[in-house]
Amino acid sequence: LRQQIFARELEPGSWIDEQKLAQDYGISRTPMREALKVLAVEGLVTMKLRRGAYVTEMSRADVEQVYHLLGLIEADAAARVAAHATDDQRAGLRALHERLERQVRQRDAFFATNEQFHLALLGAAGNRWAVQVVADLRKVMKLSRHHSLFKQGRLAESLAEHRALMQAIERRDAEAARRLMRAHFDSGLEAAAAA
């Protein structure tokens, strides 16, 4: 179900016919209801009293709030990584960044590697709670109809922002890394608003 939502097979705002889906999957309605409850906790599904489950729709305010939180959490992580990352952690981030450099004209591949980079950076920061919160926020961001990386020219801009961030991490400049990551999310929100 999660993948159907991410693939837009179940559109934001659409009603989820749990009986039909249970039949399609060859299961009873009980595990289908349990799955919907999990997706509701993740924010991907909204349960409406006596009306059933709907795929969550992201408002403009929702998008702004999620970008704000991601920017705060990931800016803090970037500063921590710049100050404390091991050589192996830096090498891992560098390898992901180099993959982004090669994928700048391959939107889907770039999108996937970009997410890997951000999650690797969070992992290197060593705060498992931040990793959990960001993973949940990123799931919800996939509901947004206009993802910032889809805007014309945004991949190249995002790559340039990553390049500057990697340079700050390599220099072990925590405050520059913090500032650049916040700016990265501000630019992403601006691009999402324009899309």
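For the structure itself, consult the block above.
So, here's what we can say about the structure.

About the criteria used
Residues numbered from 1 in each chain as written. Predicted model: local features only at pLDDT ≥ 70, side-chain atom pairs only at ≥ 80, totals over all residues. Heavy atoms only, no water. Pairing = 2+ DSSP bridges. Helix = DSSP H or I, 4+ residues; strand = E, 2+ residues; numbered from the N terminus. Contact = heavy atoms within 4.5 Å. Axes fitted to C-alpha atoms, helices over the stretch in contact; angles between N-to-C directions. Buried < 20%, exposed > 50% of the residue type's maximum accessible area, 1.4 Å probe, protein only. Phe/Tyr/Trp six-rings, centres within 6.5 Å; stacked < 30°, edge-to-face > 60°. Lys NZ or Arg CZ within 6 Å of the ring centre and 35° of its normal.

Focus: the sheet that holds strand β3 (residues 52-55)
Piece 1. Read from one edge of the open sheet, three strands run β1-β3-β2, paired in antiparallel fashion. Each of the sheet's edge strands pairs with one partner strand only, and the pair in question is β1 (15-16) and β2 (45-48).
Piece 2. Bridging between β1 and β3 involves two bridges; their strand directions are antiparallel. Counted as the bridge partner of Trp15 is Tyr54 from β3.
Piece 3. Helix-sheet contacts for helix α3 (residues 29-41) involve β1, β2 and β3, and the interaxial angle to β2 is about 110°.

As for unusual backbone geometry
Piece 1. Positioned with a positive phi, Arg8 is a non-glycine residue whose angle comes to about 65°.
Piece 2. Tracing the chain through its elements places Arg8 in the loop between α1 (2-6) and β1.
Piece 3. One non-glycine residue with positive phi stands out, namely Arg172, at about 60°.
Piece 4. For Arg172, a relative accessible area of 43% puts it in the partly exposed group.

Thoughts on the packing of aromatic side chains
Piece 1. Evaluated as defined, the whole model comprises one aromatic pair.
Piece 2. Considering the side-chain rings of Tyr67 and Phe185, the 6.3 Å spacing of their centres and the 65° angle between planes classify their relative orientation as edge-to-face. Of this pair, Tyr67 sits in helix α4 (residues 60-84) while Phe185 sits in helix α9 (residues 174-194); the two residues are 118 residues apart in sequence, bridging distant segments of the chain. Accessibility classification places Tyr67 together with Phe185 in one group, the buried group.
Piece 3. It is Lys48 that lies over the ring of Tyr54; its NZ or CZ is 4.4 Å from the centre.

That's the geometry; what it means functionally is another story.
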